[in-house]
Amino acid sequence: MAVWFCTYTWNVIYLRNVDSPVWYDTDVKLFEIQRVHILTTVAQSRVPAAATTAAMVSPVTVVSEQRANEPEFCAAEAPRPGAALQRPSPWGRGGAGIRRRLRPGPEAVAVTASRLPDPRRPSSAPPALLPLSYVLQVKSEGPKLVPFFKATCIYFVLWLPSSNPSWFSALIKCLPVICLWLFLLAHGLGFLLAHPSATRIFVGLVFSTLGDAFLIWQDQGYFVHGLLMFAVTHMLYASAFGMRPLALRTGLVMAVLSILFYAFLYLGLSGASTYLVGVYVAIISFMGWRALAGLRLVGAAWRWTELAAASGALFFIVSDMILAVNKFCFPVPYSRALIMSTYYAAQMLIALSAVESREPAEDYRLSKAN
């Protein structure tokens, strides 16, 4: 962990100090390559033989700029001198899109030509209009997650004893999730207000923080309070993931597995915990079902955020399974490290699933169209 964090930190320092910084004044996402359609023209004498392939780019470089010495548009589409190209983007502030100027730079991408001009045409002929070329945009949400990674490392480095709960230990435990609040808020309040699913995930993170604080004092009788906070969290997450597509087979598998796990825990439960843990197992299984139901690995509607949501839900389930077995059945070696590492990974992935927020109804229409 320490070696990884040092490597990550030095890369962040380098990227922030290159001239100019890579992610400043850019529209950046994590692990996404997006096609941006642009009408372009290329004169005959300027189309190289290698124009059918896009130039290679760095995996952290935003490459939405044209070459400085190539015309950007045909005469009919040419903007006024100095005018900025407006490209709608759901990731701008408030999700309302941003204006960005296409500036020449060394990271520019070659235009992909699906129809090259005929070399037999006279040189005086007008430039050929390329149908709909595209450039690749490589995006990264990594910089906004730096506070989360730092807070997580602080938690594991300090490793405050759980036998001596305090407000300071509660703050250190809750700090990574609070950083995920800030991660979502960094996309703008307008973005959260415009996307109910992202808002529900944000509120779920708030309830998770309350649950973490209660579980610091679980031996003093606050375990049930923490359990209720996380139950609300899972209901909010399930609501954010939506009910379409239904995926009944996935739901049936999750139901069978949850029943088997509850039967495994049953002998160690007593009193009110018998019912509360059963309800909690049902709720978290329902959340996992909705996260997995939305996962599509093929087709035009595929998004990496769906994979993040499904992975986050599975990590959350694993974390709570380890916690339940350690509390009600038998001690699990390195239980605290396993519980917290999978828990923080789950929260990070679920928070990431909100950054490309698209409402469940829209997802369902796209999947049916495919």
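Residues numbered from 1 in each chain as written. Predicted model: local features only at pLDDT ≥ 70, side-chain atom pairs only at ≥ 80, totals over all residues. Heavy atoms only, no water.

(A) Inspection of the confidence of the model for the protein chain at higher detail. Considering every residue of the protein chain, the mean pLDDT works out to 74; 58% of them sit at 70 or more. The low-confidence segment residues 20–79 (pLDDT under 50) makes 159 contacts with residues lying over four places distant or belonging to another chain. Confidence drops under a pLDDT of 50 for residues 127–138, and excluding neighbours within four residues, the segment shows 60 contacts in the predicted structure. (pLDDT = per-residue confidence, 0-100. Contact = heavy atoms within 4.5 Å.)

(B) Main features of the packing of helix α9 (residues 304–328) against helix α10 (residues 335–352). Running from amino to carboxyl end, α9 crosses α10 at an angle of 155 degrees, the nearest separation of the two axes being 7 Å. By the angle class used here, α9 and α10 are roughly antiparallel. Classified by chirality, the crossing of α10 by α9 is left-handed. Split into classes, the residues belonging to the contact of α9 with α10 amount to 17 nonpolar, 8 polar and no charged. (Axes fitted to C-alpha atoms, helices over the stretch in contact; angles between N-to-C directions. Helix = DSSP H or I, 4+ residues; strand = E, 2+ residues; numbered from the N terminus. Parallel < 35°, antiparallel > 145°, perpendicular 65-115°, else oblique. Left-handed = near helix turned anticlockwise from the far one by under 90°. Nonpolar A, V, L, I, M, F, W, Y, C, P; charged D, E, K, R; others polar.)

(C) Main features of the pattern of salt bridges. Taken as a whole and assessed by the stated rule, the structure comprises 3 salt bridges. A salt bridge links Glu141 to Lys144; the nearest nitrogen and oxygen atoms lie 3.8 Å apart. Overall, Glu141 belongs to the buried group, its relative accessible area being 0%. In this structure, Glu306 engages Arg296 in a salt bridge whose closest nitrogen and oxygen atoms are separated by 2.7 Å. With Glu306 in helix α9 and Arg296 in the loop between α8 (273–293) and α9, this residue pair connects regions lying 10 residues apart in the sequence. An identical accessibility class is assigned to Glu306 and Arg296; each is buried. (Salt bridge = Lys/Arg side-chain N within 4 Å of Asp/Glu carboxyl O. Buried < 20%, exposed > 50% of the residue type's maximum accessible area, 1.4 Å probe, protein only.)

(D) View of the packing of aromatic side chains. Under the defined criterion, the tally for this structure stands at 16 aromatic pairs. Measuring from ring centre to ring centre gives 5.6 Å for Tyr155 and Tyr344, while their planes differ by 80 degrees; the resulting arrangement is edge-to-face. Of this pair, Tyr155 sits in helix α2 (residues 146–158) while Tyr344 sits in helix α10; the two residues are 189 residues apart in sequence, bridging distant segments of the chain. Given a relative accessible area of 6%, Tyr155 falls into the buried group. Taking relative accessible area as the criterion, Tyr344 reaches 2% and is therefore assigned buried. Aromatic side chains Phe156 and Tyr344 sit 6.3 Å apart centroid to centroid with 85 degrees between the ring planes, which places their arrangement in the edge-to-face category. Of this pair, Phe156 sits in helix α2 while Tyr344 sits in helix α10, and the two are 188 residues apart along the sequence. Judged by relative accessible area, Phe156 falls into the partly exposed class, the value being 25%. An aromatic cluster is built from Tyr155, Phe156, Trp159, Phe230, Phe316, Tyr343 and Tyr344, whose rings are joined through pairwise contacts. Taking the ring centre of Trp289 as reference, the NZ or CZ of Arg290 above it sits at 4.7 Å. Over the ring of Phe223 we find Lys327, and its NZ or CZ is 4.6 Å from the ring centre. (Phe/Tyr/Trp six-rings, centres within 6.5 Å; stacked < 30°, edge-to-face > 60°. Lys NZ or Arg CZ within 6 Å of the ring centre and 35° of its normal.)

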